[in-house]
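As a plain string of letters, each chain reads:
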Amino acid sequence: MKALRFYAPEDVRLVDVPEPECGPAEVKIKVKNCSTCGTDVKIKKNGHVNITGETTMGHEVAGEVVEVGADALGGFAVGDRVQCIAAVPCGECHECRKGWMEVCQNQTSVGYQYDGGFAEYMIVPEQVLKVDGLNRIPDNVGFDEASAAEPFACAINAQEQLGIEEGDFTVIFGAGPIGCMHVRIARGVHKVGTVVLVDVNAERLQMSADAVSPDHTIDASKVDVVEEIMRLTGGRGADVVITATPANVTQEQAVAMAARQGRISFFGGLPKTDPYIKLDSNLVHYRQLHIHGANGSSPDHNKRALEYISTGQVPVKDLITRHVPLAEVMSVFDIVAKGEAIKVTVEP
């Protein structure tokens, strides 16, 4: 079969590999969609500490069950339509026992330690089944939509931590697919008030604004974002700020623009070579700000994402603006890096 294999940084190739065999405690799926994200671009360029050998890339996976091992958990059957988690918790450590599976200290990942979904077939490993991480797709949800459930789950995790209240003035940095998802979740689930979408790429900002219709957009390459938010709020500041971009300055701006009792999510991780920001801790102190990290998602968040998509609370179909066949998978890295589409999905 065809698979996109990572060999080393900047050495990623679509190659012929043997079709994988299903073990007794595993499930084999025919991949229908594997969507892409900025992490794929980073892996291609820099590799990843958890990728220690050759691996098939791709971690936003949906497909159809074609084989079920005799000892596989979950009661799956050939023909089931399924979505697979990306981050795989151990289910046994202190964090997992506390219900914090998204920060499992022994986490493994599809597309890292396990071969991923940029391939015609994929093995769902036993550990995914042990933590109930293979989800049946609702009948009214397409494979392409289901493959986007994993990044949605990450955004759900972040927003759940923020104590968002109905009517909150909300600012979202980053007009990529995750930023769009944050807009949809904030409105569809949490019923926030005014939503402002911020980016430094005017074309991407316009494309995403056309899709998710924020109340305001700010081109941060031309406007002082903090001043503009203060103007829009009459000097009060934003109740909720989410930095869905790996830029140090956005985290600093988030603190500067937050209202009293403001809640901030540092959603986008910063480059490991430059992970520090200047923090005015007096703002945190006197305004009683709440700053939250956000790291991935749990199996339960993935289930909730599929539910929100199915009920229409958080539409995703229109955010998938590019469908690419597996034969052209090498093109997706430039498409994602340049922001030429909101969400790109690969279809083997």
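About the cut-offs
- Residues numbered from 1 in each chain as written.
- Predicted model: local features only at pLDDT ≥ 70, side-chain atom pairs only at ≥ 80, totals over all residues.
- Heavy atoms only, no water.
- Pairing = 2+ DSSP bridges.
- Helix = DSSP H or I, 4+ residues; strand = E, 2+ residues; numbered from the N terminus.
- Axes fitted to C-alpha atoms, helices over the stretch in contact; angles between N-to-C directions.
- Contact = heavy atoms within 4.5 Å.
- Salt bridge = Lys/Arg side-chain N within 4 Å of Asp/Glu carboxyl O.
- Buried < 20%, exposed > 50% of the residue type's maximum accessible area, 1.4 Å probe, protein only.
- Parallel < 35°, antiparallel > 145°, perpendicular 65-115°, else oblique.
- Left-handed = near helix turned anticlockwise from the far one by under 90°.
- Nonpolar A, V, L, I, M, F, W, Y, C, P; charged D, E, K, R; others polar.
- Disulfide = S-S within 2.5 Å.
- Core = buried A, V, L, I, M, F, W, Y, C linked by side-chain atoms within 4.5 Å.
- Expected span 1.5 Å × (residues − 1).

Turning our eyes to something else, we now look at the sheet that holds strand E14 (residues 238-243). Adjacent strands of a sheet pair through backbone hydrogen bonds, lying either parallel or antiparallel. The strand order across the open sheet built from six strands is E13-E12-E11-E14-E15-E16, with neighbouring strands paired in parallel fashion. Whereas interior strands pair on both sides, the edge strands pair on one side only; in this sheet they are strand E13 (216-219) and strand E16 (290-293). Going across the sheet, the axis of each strand differs from the next one's by a mean of 15°, ignoring polarity. Judged from the four bridges that link them, strand E12 (residues 195-199) and E13 form a sheet pairing that is parallel. Among the inter-strand pairings, Val 198 is bridged to a residue of E13, identified as Ile 218. On the sheet, helix H8 (residues 225-232) packs against strand E11 (170-173), E12, E13 and E14 and is oriented at approximately 155° with respect to E13.

For the structure shown, the criterion picks out 18 salt bridges. The salt bridge involving Asp 80 is made with Arg 136; its shortest N-O contact spans 3.7 Å. Here Asp 80, found in the loop between strand E5 (60-68) and strand E6 (81-84), pairs with Arg 136, found in strand E10 (residues 134-136); they are 56 residues apart in sequence, far enough to count as distant. Judged by relative accessible area, which is 43%, Arg 136 ranks as partly exposed. Here the residues in one salt-bridge network are Arg 5, Glu 54 and Asp 115, joined through shared partners.

Another aspect to go through is the packing of H8 against helix H9 (residues 248-257). Their axes nearest at 9 Å, the elements H8 and H9 cross at an angle of 30°. It follows from the interaxial angle that H8 and H9 lie roughly parallel. Viewed along their axes, H8 and H9 form a crossing whose handedness is right-handed. Facing H8, whose interface residues are Val 225, Val 226, Ile 229 and Met 230, H9 presents Gln 253, Ala 256 and Met 257. Of the residues in the contact of H8 with H9, the class split is six nonpolar, one polar and no charged.

Quick look at the state of the cysteines now. Tallied over the entire structure, the rule returns zero disulfides. Of all cysteine sulfurs, the one in Cys 93 lies closest to Cys 96, which takes part in no disulfide; the gap is 3.7 Å. No disulfide involves Cys 180; its sulfur sits 14 Å from the nearest other cysteine sulfur, which is in Cys 37. Owing to a relative accessible area of 0%, Cys 180 belongs among the buried residues under this scheme.

Let us now look at the sheet that holds strand E4 (residues 55-56). Strand order in the open sheet formed by three strands is E2-E1-E4, with antiparallel pairing between adjacent strands. Each edge of the open sheet is held by one strand with a lone partner, namely strand E2 (11-16) and E4. For strand E1 (residues 2-8) and E4, the ladder comprises two bridges, and the chain directions are antiparallel. When the bridges of E4 are listed, Arg 5 appears paired with Thr 56.

Let us look at the nonpolar core. Among the nonpolar cores identified, the biggest contains 41 residues, and Phe 152, Leu 197 and Phe 267 are the most heavily contacted of them. Looking at this core, the elements with two or more residues in it are helix H4 (143-147), helix H5 (149-160), helix H6 (177-188), E12, helix H7 (202-212), E14 and helix H11 (299-311). Take this core: its biggest share by element is seven residues, from H5. When residues no more than four places from it in sequence are discounted, the contact partners of Phe 267 are Cys 154, Ala 155, Ala 158, Ile 178, His 182, Ile 242, Thr 243, Ala 244 and Ala 294. Counting 37 residues, the second largest nonpolar core, distinct from the first, contains Met 57, Tyr 112, Phe 118 and Val 346.

For the rest of this paragraph, the subject is H5. Spanning 12 residues, H5 covers 16 Å between terminal C-alpha atoms, matching the ideal 16 Å at 1.5 Å per step. Counting buried residues along H5, 11 of its 12 residues qualify, which places the element largely inside the surrounding structure. Turning to H5, its buried residues number three or more, namely Ala 149, Glu 150, Pro 151, Phe 152, Ala 153, Cys 154, Ala 155, Ile 156, Asn 157, Ala 158 and Gln 159.

Within the chain, Asp 132 stands out as a residue other than glycine whose phi angle is a positive 60°. Note that Asp 132 resides in the loop between helix H3 (126-130) and E10. The phi dihedral of Lys 191 falls on the positive side, at around 55°, and the residue is not glycine. Mapped onto the elements, Lys 191 comes out in the loop between H6 and E12. Residue Lys 191 is classed as partly exposed on the basis of its relative accessible area, which comes to 45%.

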